[in-house]
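Chain by chain, the residues run as shown.
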Amino acid sequence: MADRIVVLGAGTGGTLAANRLRRVLDDDVQIVVVDQDDSHVYQPGLLFVPFGLTHLDEIIRPRQRQLHRGIGYRQTAVDRVDLDTERVWLADGTALEYDVLVVATGSTLVPEETEGLTGPGWMEKVFTFYTPEGAGRLRDALDWFDGGRLVVDVVDMPIKCPVAPLEFCFLADWYLRERGIRDRVELTYVTPLDGAFTKPVASATLAGLLEEKGVELVTEFNAGEVEGSGGRLVSYDGREVGFDLAVVIPLHSGAPYVGRSPGLGDELNFVPTDEHTLQSRARPNVFVIGDAANVPASKAGSVTHFEGEVLVENVRRFLAGEALDATYDGHASCFIETGFHKALLIDFNYDTEPLPGHFPGSIGLPLLKESHMNHLGKLMFQWFYWHSLLPGRDVPGIQSAMPERGKHRERASP
Amino acid sequence: MTTATYAGQIVTVNDEGFFENPDEWNEEMAPAIARTVGIDELTEQHWRVIKFMRAEYAEKGTGPTVRVLGKTSGVSVKELYELFPKGPAKVAAKIAGIPKPRGCI
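Bear in mind that the values here come from a model prediction, so they are computed numbers and not experimental data.

Novice: Which parts of the structure should I look at to understand the overall build of chain A?
Specialist: Along the backbone of chain A there are eight helices and 24 strands. Principal-axis analysis of the C-alpha atoms gives chain A an extent of 70 × 50 × 40 Å. Contacts spanning at least 24 positions in sequence make up 66% of the contacts within chain A whose residues lie at least 6 apart.

Novice: Could you clarify how one ought to interpret the packing of helix α2 (residues 44-60) of chain B against helix α5 (residues 88-95) of chain B in this entry?
Specialist: Any two packed helices are characterised by the angle at which their axes cross and by the distance between the axes. All names here are of chain B. Their axes nearest at 9 Å, the elements α2 and α5 cross at an angle of 80 degrees. By the criterion of interaxial angle, the relationship of α2 to α5 is roughly perpendicular. Between α2, through Val49, Ile50 and Met53, and α5, the contact on the second element is made entirely by Ala92, Ala93 and Ile95. Tallied by class, residues from the contact of α2 with α5 come to six nonpolar, no polar and no charged.

Novice: Would you mind showing me how to read the sheet that holds strand β13 (residues 185-190) of chain A here?
Specialist: Sheets are built from strands paired through backbone hydrogen bonds, the pairs being either parallel or antiparallel. Residue and element names in this part refer to chain A. Read across the open sheet, the five strands follow the order β11-β18-β12-β13-β14; overall the sheet is parallel. The two strands at the open ends of the sheet, each matched to only one other strand, are β11 (126-127) and β14 (215-218). Where strand β12 (residues 148-154) lies against β13, six bridges are found, and the strand directions are parallel. Paired with valine 152 across the two strands is tyrosine 189, which belongs to β13. Strands in contact with helix α4 (residues 164-178) are β12, β13, β14 and β18 (245-249); relative to β13, the strand with the most contacts, it is inclined by about 175 degrees.

Novice: What am I meant to see in the environment of proline 132 of chain A here?
Specialist: Residues and elements named next belong to chain A. The topology assignment puts proline 132 in helix α3 (residues 132-144). C-beta crowding within 10 Å serves as the criterion here: with 17 such atoms nearby, proline 132 is assigned to the partly exposed category. The contacts of proline 132, once residues within four sequence positions are left out, are Val41, Leu46, Leu56 and Ile60.

Novice: I keep staring at the domain arrangement of chain A and nothing clicks. Help me out?
Specialist: How large an interface is tends to be reported as the accessible area lost when its parts come together. Residue and element names in this part refer to chain A. Each assigned domain of chain A is listed with its residue range as follows: domain 1 (4-108 + 253-320), domain 2 (111-250) and domain 3 (332-411). Put simply, the middle of domain 1 and the middle of domain 2, counted by C-alpha atoms, are 30 Å apart. Contact with domain 1, which involves 14 residues of that partner, is made by 18 residues of domain 2.

Novice: What is the right way to read the packing of helix α1 (residues 12-24) of chain A against helix α7 (residues 301-320) of chain A from this model?
Specialist: Residues and elements named next belong to chain A. Close contact between α1 and α7 brings their axes to 9 Å; oriented N to C, the two are set at 35 degrees. Crossing hand, α1 versus α7: right-handed. Residues Thr12, Gly13, Leu16, Ala17, Arg20, Leu21 and Val24 of α1 form the contact with α7, whose own contacting residues are Gly301, Thr304, His305, Gly308, Leu311, Val312, Val315 and Arg316. Grouping the constituent residues of the contact of α1 with α7 by class yields seven nonpolar, six polar and two charged.

Novice: Is there a simple way to think about the interface of chain B and chain A in this case?
Specialist: Taken together, the contacts link 13 residues of chain B with 14 residues of chain A. Of all the secondary structure elements, the ones that give two or more residues to the side of chain B that touches chain A are α3 (66-72) and α4 (77-83) of chain B. Among the elements that take part in the side of chain B that touches chain A, α3 of chain B stands out by supplying five residues, more than any other.

Novice: Sorry if this is basic, but what is going on with the sheet that holds strand β17 (residues 240-242) of chain A here?
Specialist: All names here are of chain A. With antiparallel pairing, three strands are arranged side by side in an open sheet as β15-β16-β17. Strand pairing shows two members of the sheet lacking a second neighbour, β15 (223-227) and β17, which therefore form its edges. Strand after strand, the sheet turns through a mean of 15 degrees between neighbouring axes, direction not considered. With four bridges joining them, β15 and strand β16 (residues 232-235) adopt antiparallel strand pairing. Within the sheet, the bridge partner assigned to valine 226 lies in β16 and is leucine 233.

Reading guide: rules and limits
Residues numbered from 1 in each chain as written. Chains lettered and ligands numbered in written order. Predicted model: local features only at pLDDT ≥ 70, side-chain atom pairs only at ≥ 80, totals over all residues. Helix = DSSP H or I, 4+ residues; strand = E, 2+ residues; numbered from the N terminus. Contact = placed C-beta atoms within 7 Å. Axes fitted to C-alpha atoms, helices over the stretch in contact; angles between N-to-C directions. Parallel < 35°, antiparallel > 145°, perpendicular 65-115°, else oblique. Nonpolar A, V, L, I, M, F, W, Y, C, P; charged D, E, K, R; others polar. Pairing = 2+ DSSP bridges. Buried ≥ 20, exposed ≤ 12 C-beta atoms within 10 Å, placed from the backbone. Domains from an automatic or database assignment. Left-handed = near helix turned anticlockwise from the far one by under 90°.

Rendered as structure tokens:
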């Protein structure tokens, strides 16, 4: 009988995995993708919505249209996965049987897990730009904002795109200057980390940029409560940060159905996964791509893109009874928008932190350094996303494995 | 690499004071380590968290984050901060003789 592959999730990972699998596998292999709605959001675009630099209708497209011919699509929520009978139970009561399951359902925001966050003031004084609705509402609030304390707070890690909250600060500084009210605003970045970012060299560079732009940095702040009406964040150890407008990045979990599927996920509903083969630890015929996996890489689109190649090769090998390829190296590559039509680029993997130099070789985009070229790269990337990354093609000159050439290691030690 | 002496035994720790080798730890050392981070007495609730940290480390190779501790240890995040005011995941890991939790990326 022909093999059946079920892909859960039609976001970045599910779409590019299904399209690559369709190309690699024989026509008689069935591929079905499941998602609960038909809105594929270009998530990097959400950062620009609050500043009026893009609009939601420019960054949302139908999910099914991104899938190639020969791929089935079911629009329904997932109730649970039964690993023993190799079946996915859907919310409409039907089941899909699989020979290989690809989990690509990303992460889910759980603002209700932080006391007070969704209480009085939510979407009035307290916003998030991590959802289309939140980004749109924040745009209106920023339009009205004419001064006071603007606080950007990361509740706890892990979060999608760990640089996005910093980019929000840089863009807010630019936006407020353009409006001529920067001197009336106290801008503060509040993080549970002990620095601006997780990796030492990049953290120092980013902290320097915050300082340059007059953004106050509050570290090791674990927000236990958000009091919207009173305008204050309270940490578990009793510290307070007051605000007139708060932009909060809520806690993230894996998709809720993972928690309803015995043996599939961990305490936070992420799926324990081998960091080099992308095979789940739950069962050999379950593979995981993107934010849904608990691998020690950033939850970012570039990671998902680079994982695609290894994941698809391993699904093919698994079906053919061959040994898996353990070569995913944790490669991530992120543009960091810094305002005033400039951006930084960072490129790293499991073993190498973001370093200065050039990407992808000694002639290329400057790494860990502001430039207009990087800003253009970031803008251009949306085109590549829809036309190259989702269809499962490689971006010219950019490989899955992290390039070593062009990186300045001698400057790495602090 | 530096060393520290707890309960009369010399152990290897990193520059932040976390154990390099969790096998060098034993329960008699815990009160002495706790005093170095400002905790004068280890209560039953402290011990519940410390033992949980050891078990999690043995099973998964890394200590849990505060959020995971709050969900799985049976002690709420609020109470964890009362027990270990300077950051439950880090401080409990130090007292339990396991490396600093990897936590976030």
